[in-house]
Amino acid sequence: MFDEYGFPRDPYVDDAAPTLATFVYCSRAAEGVDDAEVGRMVEWAQRRNVARDITGVLVFGSGVFFQWIEGPPAEVETLIVSLHSDPRHNDIVELDRCVEKRERLYPNWQMELVGADDIRTVLQDALEDAEDENSIAALKRILAHLASGPLDTLGRT
């Protein structure tokens, strides 16, 4: 999208829409992180995200997190830093990160937890699109984790 003279404006951009940062990632739950711990994480995030004007969705299943976060750019960047230092997960793979003018996809979800029956397809698609070597390696580790046992027992202690 170019706003300079001589370049056409994007007809799909709503100038009244807020500028939002989006961060989408997946990661593997650390040993000992179970459904109860994830529930506590979501409750804490919901309370904190109201003040930060952050919304999104968290999918947890088979010991894997998939999260979509959106909000003011500075707040999302602060959250990204804290996610990278959180010991409750590892193998963080950034799937999308951008700042753009648009309406929120999850305007009323300060952080909603959605269950995943099988997240393999999403991760396999991400692996096929990945270009960064570290992301490719982490996605392969996460997929190997999923292949290591029955889906209903992974990530449970």
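Everything below is about the structure shown above.
Given the structure is predicted, the values throughout are model-derived calculations rather than measurements.

Undergrad: Is there a simple way to think about the pattern of salt bridges in this case?
TA: Pairing is possible between side chains of opposite charge, provided their charged atoms come close. Here the structure, examined in full by the defined rule, presents 11 salt bridges. Between arginine 40 and glutamate 37 there is a salt bridge, with the nearest N and O atoms lying 2.8 Å from each other. With a gap of 3 residues between them, arginine 40 and glutamate 37 both fall in helix H1 (residues 35–52), about one helical turn apart. What emerges from the salt-bridge pattern is a single network uniting Glu37, Arg40, Asp86 and Arg88.

Undergrad: What exactly am I supposed to notice about the environment of proline 87 here?
TA: The residue proline 87 is located in the loop between helix H2 (73–84) and strand E4 (89–101) in this model. Since its relative accessible area comes to 68%, proline 87 is described here as exposed. A sequence separation of 57 residues divides proline 87 from alanine 30, and the C-alpha atoms of the two residues are 7.1 Å apart.

Undergrad: Which parts of the structure should I look at to understand a negative patch on the surface?
TA: Together, Asp125, Glu128, Asp129 and Glu131 make up a negatively charged patch on the protein surface. Following the sequence through the fold, aspartate 125 ends up in helix H3 (residues 120–129).

Undergrad: In this structure, what is going on with the pairing of strand E1 (residues 19–29)? I would like to understand it.
TA: On a regular strand, one side chain projects to one face of the sheet and the next to the other, so that they alternate. With 9 of its 11 residues buried, E1 lies for the most part within the structure. Summarising the sheet, E1 and E4 pair through 10 bridges and their orientation is antiparallel. Along E4, the bridge assignment pairs alanine 29 with histidine 89. As judged from the 8 bridges shared by E1 and strand E3 (residues 64–71), these two strands associate in the antiparallel manner. Considered in E3, the bridge of serine 27 is made with phenylalanine 65.

Thresholds, definitions, all that
- Residues numbered from 1 in each chain as written.
- Predicted model: local features only at pLDDT ≥ 70, side-chain atom pairs only at ≥ 80, totals over all residues.
- Heavy atoms only, no water.
- Salt bridge = Lys/Arg side-chain N within 4 Å of Asp/Glu carboxyl O.
- Helix = DSSP H or I, 4+ residues; strand = E, 2+ residues; numbered from the N terminus.
- Buried < 20%, exposed > 50% of the residue type's maximum accessible area, 1.4 Å probe, protein only.
- Patch = residues over 30% accessible without salt bridge, like charges linked within 9 Å, V, L, I, M, F, W, Y side chains within 5 Å.
- Areas by Shrake-Rupley, 256 points an atom, 1.4 Å probe, with all protein chains shown as cover.
- Lys, Arg positive; Asp, Glu negative; His and termini not counted.
- Charge placed at Lys NZ, Arg CZ, Asp CG, Glu CD.
- Pairing = 2+ DSSP bridges.

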